[in-house]
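One-letter residues, chain by chain:
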Amino acid sequence: MPEPVKKAVSAFTKKPKTQEAGEGSSVVFEAETEKPDAKVKWQCNTKDIASGNKYVIAADGNKHSLTIQAITKEDANVYAVIAGGSKVKFELKVVSNPEAPVEVPTDGPKESSRQPEPSPAPPAAQDAPPTEDGQLPDTRQDLTGLFTEKPKSGEVTVGENITFVAKVNAESLLKKPTVKWFKGKWMDLASKSGKHLQLKESFDRNTKVHTFEMHVIEAKANFAGGYRCEVSSRDKFDSCNFELTVHEACAIEGFDIRAAFRRTAVQMSTEPDVDVWDILRSAPPSEYQKIAFQYGITDLRGMLKRLKKMKKEEKKSAAFLKKLDPAYQVTKGHKIKLAIEVANADAEVKWLKNGQEFHPTGRYIFESVGNMRYLTINNCSLADDAAYCCVVGDEKCTTELFVKEPPILIVKNLEDQMVMKGERVELECEVSEEGANVKWEKDGVELTRDESFKYRFKKDGCKHILIINEASKEDCGHYKVKTNGGESMAELLVQEKQLEVYQSIADLTVKAKDQAVFKCEVSDENVKGTWYKNGVEVKSDARVNITHIGRIHKLTIDDVKPEDEGDYTFVPDGHAFNLSAKLNFMEVKIDYVPRQDPPKIHLDCMSCTTESTIIVVAGNKLRLDVPITGDPAPTVVWTKGEKASSVKPDGEEKEGPTSSWTVKDGKVISEGDSRVHVETSKGHCIFTIEGAERQDEGIYSVVVRNPAGEDTADINVKVVDVPDPPQNLKILSVGEDSCVAQWDPPSFDGGQPIIGYVLERKKTRSYRWMRLNFDPYPDTTYEAKRMIEGMAYEMRVYAVNSIGMSRHSPASQPFVPVAPTSAPIGLCVDDINDTSISLKWRRPEKIGAAELEGYGVEYCKEGTDEWIPAIKGLTERTSLTIKDLNTGDKLQFRVRAYNMAGPSAPITLGQFVTIREIMQRPKIWLPRSLRQTLIRKVGETVNLVIPFQGKPRPKVTWSKDGEPLAATFANVRNSELDTILFIRNTDRKHSGKYDLQVQIENVEDSASVMLQVVDLPGPPEALKIMDIWGFNVALEWKPPKDNGNCEIIGYAIQKADKKTMEWYTVYDQYRRTNCVVSDLIMGNEYVFRVYSMNLVSTTSIQATKEHDFSEAPKFTHPLVNRSVIAGYNATLSCSVRGIPKPKVTWYKNKMDISNEAKYRMLSKQGVLTLEIRKPCLFDGGVYTCKAVNASGEDVVECKLEVRPQIVKEEKKDEKK
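Keep in mind that this is a model prediction, so the values were computed, not measured. (Residues numbered from 1 in each chain as written. Predicted model: local features only at pLDDT ≥ 70, side-chain atom pairs only at ≥ 80, totals over all residues. Heavy atoms only, no water.)

## Notes on the overall build of the protein chain
- Counting secondary structure elements, the protein chain contains five helices and 95 strands.
- Classification of the 1216 residues of the protein chain by burial places 37% in the buried group.
- For the protein chain, the share of sequence-separated contacts (at least 6 apart) that also reach a separation of at least 24 residues comes to 62%.
- Element-wise, carbon and sulfur atoms account for 48% of the exposed surface of the protein chain, whose accessible area totals about 71,100 Å². (Helix = DSSP H or I, 4+ residues; strand = E, 2+ residues; numbered from the N terminus. Buried < 20%, exposed > 50% of the residue type's maximum accessible area, 1.4 Å probe, protein only. Contact = heavy atoms within 4.5 Å. Areas by Shrake-Rupley, 256 points an atom, 1.4 Å probe, with all protein chains shown as cover.)

The following block contains the structure:
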């Protein structure tokens, strides 16, 4: 079932709704997405819609629309809009155009005979028309949600009744569902129950279905609109939207009832109309729905469109020159600066945050510079994500600030794990910030919290944990955790549990009254088992004790009796094998024996012979229980290191390193190692070593003596142990996701053959080792797979024999699985001559995780298979020239790319190449830009690069106008592939035709380049005034003698009044050499000048002699010393004159104050004013005004004294 949080994850902020339209008209469906860059797809009957003549699809930022034109009956279908993972369905209802009014009798309020029309969301309830291909459209209802039946949109006539029904199945719910009915987006209808609205609910115990009904009684016109039904139960939530359409009652028998009430209806609708426009214009968008419901507005969308047009027609703001942008975005922790420009530099502004005024603090900084007002927010946090408003007088401008959180990084990656089937798995990672959202994936599929609770997601601060209860084989795969700033991947392997037997039970031979112990050890300490005797389960009693401690299972039988003899079996639970052993009962028959009975060792009772070998596992107890007879009781001597036959009687010398233990009359006479215990009882001699070690291995001899004689026996004891660790582990090679490891067998196999090896690997930065195989691997070379390319790994290996597993070998050197690059591409011959060849190629398409180290180039002679390196080592370039080759040899070339993994596959030329120079005709490749006249200005640089071809190297010759080109005239540089003509500073003499010729023996090619060096034209000649009449003057002149080596494109005629000497252009690019200047002022004296114009620039000549009207600045009215009161604006004034207009700078105490916001500088008709806003005591000092132009400068200064304000009480005291 979906959770409430999933309901909020919608890509749409505004969804399209079902609409009705008449045939032949057009309809527009609108939708808005949360993100402006979201990709939106429109569908009709589950098929994608493309923009065309019928459908028009438009997108503007986060606003998207679908327009259906020329609607017909076939357009009445179910439509959908899809963005990301969100899909919204809606319906288009086509209404036929009525030819005549339809009369419907009304018999007063009654239950509507029409049922609510089905909602477009579940169209499965109605038969959908087949599509063009004959298939029915997808009318399946979404299977998510709590509703089994959703309320459906309906229509009703004024005064009639209608019922909306919603049903919820409570089988999977733990708590009774709660249902709320809403109108619009905010109004809860539970508080509106009464005469016209009733809410009911019922429960069917058989079907466990809750039924919720909303009855609308005597419907009114203002009941129409959108409704919503919400159902919730603990952590589960669902909702459904539907609409109610209310039609007016039709006339009866020609009586137009609407006309009778039209005046009343008009009065009711016109009264709020005027008020509604004012209310909507000043209300925020979030209140539009509430206002529409309050005033009974049904066409809210149409009113909002008109309101939007009205707002666009509003006058330009009088207080703001520049307003805030609609929205700003800033990254969390950064700062942002909001700026506005006000019309009045003295205006006071207020800043509001979510409607509340706030003041400057350490994080909020207010600035005022001239007309600009700034709000700076430092170290932005999520709390700063709000709506901000700047208020100036009665006007304000608003904006929204969106604080974007920085990307979440993964600081601790996931680690590979290998678990047994049924175990609990926890994949843990750590991110850079608490409370961050992460996404878990398995093999590219997103994981969610399902009903079986197989996957659980846990957050602990910055740690995120994926928990899998009771892992199964299906859980194997690659798990990935993603954030908006990175991702991490790990592999999970799940293995079946295979029970290993470390120690099996052994056959026993015991005597009456003795104790029999069956013992076995398995690999899993949690495995339980059952003991059987001859197929019958053994139960614990006074003599039989069954124990299970860790991995060891024991069956102990005290006071053994003959009936205890039989086959005993241990069967581990859940595993298809058993361990069996036999219990032999040895009867002791007592016969009369003479007093002098020679001693006898009965090894045959232990199923042993004199040459038998007893095997014991290192660390276990070695217990040799030897039956002996003899009267009197014999003395027992145990020795290690020599045969029993070499044991000498007491008192004689012994040779060689031996150990001996002697027992007489049940007492130990001599004892060596503290681990060794020797004891004797009636008829038995027991030799015990606690915790057998490797050095305890050897031949143990037992000698029994009494006066009647002696007997001897040898027992060979072999101590077996786990093997030593394998040696010399190394990595032979690596692949894209694999490696090949090799090692040497252990120096000591533990006394048992090596069964195989177990390998483990881990990431270099991790501490968790993951086993690669559970069954022992028999060889000493292993290929490990399923690794991540580019990640560093280490490996280690264990040796396994029948006793157990050795300690691990030292870890291998770190290695990185990488694959060789793909083969280089595009190998070809670039150039060739008698002794060398030039090859070139391109980089491989696939490089891989390892860096490209270089390229190896090899060649092979025809008729051989030996590839010879062309150079020592590798080259990093993608081209190579191979020299010192034999002329006439036929060679094949190949190139391979090298990285850490070794060489790539080679790329080879298509055929053998013969080493000899190929004749090539000379050819000049003249650039397109030089095929037309090249124009340069005097003094510019000319650099002509002209490529050519030809073999052998051709001879290059330059000439100008048929004459050889001198070295002092221009510089020429030639290479094998091109020639360069270079002129540093061009002059008019460089103009002309340049010829280039390349020649090889009798074959040649040539090309020409035209160079035109242009200069400024000369001034027009003989400018004179031909006639003056009225307000007109006729001018005439002659073309210039020097046109600057290019065509004159026209003339520019200017005039100037002698009083001001400010020049104005009368004609520009004038083609003729005479003109008439009009619109002159009678009585004024004018000066005229004419410019010649060509491609370079213009020159001029004046009609009359020019006078120098420039004048150095001079202050005609100086500054005056002033004394002002603090807090009141003060001004300093002076006047200056000068031609051209001087630049004015103000100084305070010789410091430039031009950019200070406190001061305002004004200049009008030569009068200079410095305004000081609300001066304080520190604003007193010497103020200087400096005027500068090209003819000189002038300075004037004054002193300003600022006096403090006198408090009224002080004035009263002075009067007294």
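Now, onward.
## Details of the pattern of salt bridges
- One pass over the full model with this rule turns up 45 salt bridges.
- Across the pair Glu367 and Lys337 runs a salt bridge, and its minimum N-O distance is 3.6 Å. With Glu367 in strand E24 (residues 364-369) and Lys337 in strand E21 (residues 336-342), this pair connects stretches of sequence that are 30 residues apart.
- Residue Glu367 is classed as partly exposed on the basis of its relative accessible area, which comes to 30%.
- Of the charged contacts, one joins Asp830 and Lys840 as a salt bridge, the two residues approaching to 3.7 Å between their closest N and O atoms. Here Asp830, found in strand E62 (residues 825-832), pairs with Lys840, found in strand E63 (residues 837-842); they are 10 residues apart in sequence, far enough to count as distant.
- Given a relative accessible area of 47%, Asp830 falls into the partly exposed group.
- A relative accessible area of 37% places Lys840 in the partly exposed class.
- Sharing partners across several salt bridges, the network here consists of Asp416, Glu491, Arg761, Lys763 and Arg786. (Salt bridge = Lys/Arg side-chain N within 4 Å of Asp/Glu carboxyl O.)

## Description of unusual backbone geometry
- With an omega dihedral of -5°, the bond running from Lys951 to Pro952 counts as a cis peptide bond.
- Ile1139 connects to Pro1140 through a cis peptide bond whose omega is -5°.
- When you line up the elements, Pro1140 lands in the loop between strand E89 (1130-1139) and strand E90 (1143-1148).
- In the Ramachandran plot, Lys1174 falls in the positive-phi region, its phi being about 45° despite a non-glycine side chain.

## Side note on the packing of aromatic side chains
- All chains considered together, the criterion is met by 24 aromatic pairs.
- Residues Phe29 and Phe90 carry aromatic rings whose centres are separated by 4.5 Å and whose planes lie at 40° to one another, so their mutual orientation is tilted. Residue Phe29 is located in strand E3 (residues 27-33), and its partner Phe90 is located in strand E9 (residues 86-95); the two are separated by 61 residues in the primary sequence. For the residue pair Phe29 and Phe90, the accessibility class agrees, reading buried in each case.
- For the ring pair Trp531 and Phe570, a centre distance of 5.0 Å and an interplane angle of 50° mean the geometry is tilted. Here Trp531, found in strand E40 (residues 529-533), pairs with Phe570, found in strand E44 (residues 566-572); they are 39 residues apart in sequence, far enough to count as distant. Each of the two residues, Trp531 as well as Phe570, counts as buried.
- Among the aromatic residues, those joined into a cluster by ring pairs are Trp351, Phe358, Tyr364, Phe366 and Tyr388. (Phe/Tyr/Trp six-rings, centres within 6.5 Å; stacked < 30°, edge-to-face > 60°.)

## Digging into the environment of Ile924
- When you line up the elements, Ile924 lands in strand E71 (residues 920-924).
- Placed 26 residues apart in sequence, Ile924 and Gly950 show a C-alpha to C-alpha distance of 9.0 Å.
- Among residues more than four places away in sequence, those in contact with Ile924 are Ile946, Pro947, Phe948, Leu996, Val998, Asp1005, Ser1006 and Ala1007.

## Some remarks on the nonpolar core
- Grouped together as the largest cluster of nonpolar side chains are 26 residues, with contacts concentrated most on Phe164, Trp181, Met214, Val216 and Leu244.
- For this core, the secondary-structure elements that each account for two or more residues are strand E12 (162-169), strand E13 (178-183), strand E16 (209-216), strand E17 (225-233) and strand E18 (236-247).
- If we ignore the near neighbours within four places in the chain, the residues touching Leu244 are Gly154, Val156, Ile162, Phe164, Phe223, Ala224, Gly225 and Tyr227. (Core = buried A, V, L, I, M, F, W, Y, C linked by side-chain atoms within 4.5 Å.)

## Some remarks on the side chain of Thr979
- Structurally, Thr979 is set in strand E77 (residues 978-983).
- Under the relative-accessibility criterion, Thr979 is labelled buried at 0%.
- Polar side-chain contacts of Thr979 include one of 3.1 Å to the side chain of Trp958.
- Once residues lying within four places of it in the same chain are set aside, the contact partners of Thr979 are Leu944, Val945, Ile946, Phe948, Val956, Trp958, Val972, Arg973, Asn974 and Leu996. (Polar contact = N/O pair within 3.5 Å; in protein donor to acceptor, adjacent residues only side chain to side chain.)

## Some points on the sheet that holds strand E79 (residues 1003-1014)
- Read from one edge to the other, the open sheet built from five strands follows the order E72-E79-E78-E74-E75, with strand pairing classed as mixed. At either end of the open sheet lies a strand with only one pairing partner, and these are strand E72 (934-937) and strand E75 (963-964).
- In this sheet, strand E78 (residues 992-1000) lies alongside strand E74 (residues 955-960) in antiparallel orientation, the contact comprising six bridges. Paired with Thr957 across the bridge in E78 is Gln997. (Pairing = 2+ DSSP bridges.)

## Quick notes on the environment of Tyr994
- Relative to the helices and strands, Tyr994 resides in strand E78.
- As for Tyr994 and Leu965, which are separated by 29 residues in sequence, their C-alpha atoms are 8.8 Å apart.
- For Tyr994, the residues in contact, after removing those within four places along its chain, are Trp958, Ser959, Lys960, Leu965, Phe969, Leu981, Ile983, Ala1007, Ser1008, Val1009 and Leu1011.

## Side note on the pairing of strand E61 (residues 793-801)
- For E61, the tally of buried residues reaches nine of nine residues, placing the bulk of the element in the interior.
- Residues Tyr793, Met795, Val797, Ala799 and Asn801 line one face of E61 and the alternating positions Glu794, Arg796, Tyr798 and Val800 line the opposite face, and both faces are buried.
- Inspection of the sheet shows strand E58 (residues 754-763) paired to E61 by nine bridges, in the antiparallel sense. The partner of Glu760 across the bridge, within E61, is Arg796.

## Examining the side chain of Glu491
- Position of Glu491 relative to the elements: it lies in strand E36 (residues 486-495).
- When residues no more than four places from it in sequence are discounted, the contact partners of Glu491 are Asp416, Gln417, Gly477, His478, Arg761, Met770 and Arg786.

## Some remarks on the sheet that holds strand E59 (residues 770-771)
- On the basis of which strands lie adjacent, the open sheet formed by three strands has the order E59-E58-E61 and antiparallel pairing. Both edges of this open sheet fall to E59 and E61, since each of them pairs with a single strand only.
- Of the pairings in the sheet, the one linking E58 to E59 comprises two bridges and is antiparallel in character. Each residue of the ladder has a partner; that of Glu760, found in E59, is Arg771.

## A word on the pairing of E12
- Taken together, the two bridges between strand E10 (residues 147-149) and E12 define a ladder with antiparallel strand orientation. The residue of E12 that forms the bridge with Phe147 is Val168.

## A closer look at the environment of Ile907
- Here Ile907 is to be found in strand E69 (residues 907-908).
- Under the relative-accessibility criterion, Ile907 is labelled buried at 16%.
- Between the alpha carbons of Ile907 and Gly826 there is a distance of 8.4 Å; along the sequence they are 81 residues apart.
- Other than its neighbours up to four places away in sequence, Ile907 contacts Pro824, Ile825, Gly826, Leu827, Phe893, Arg894 and Val895.

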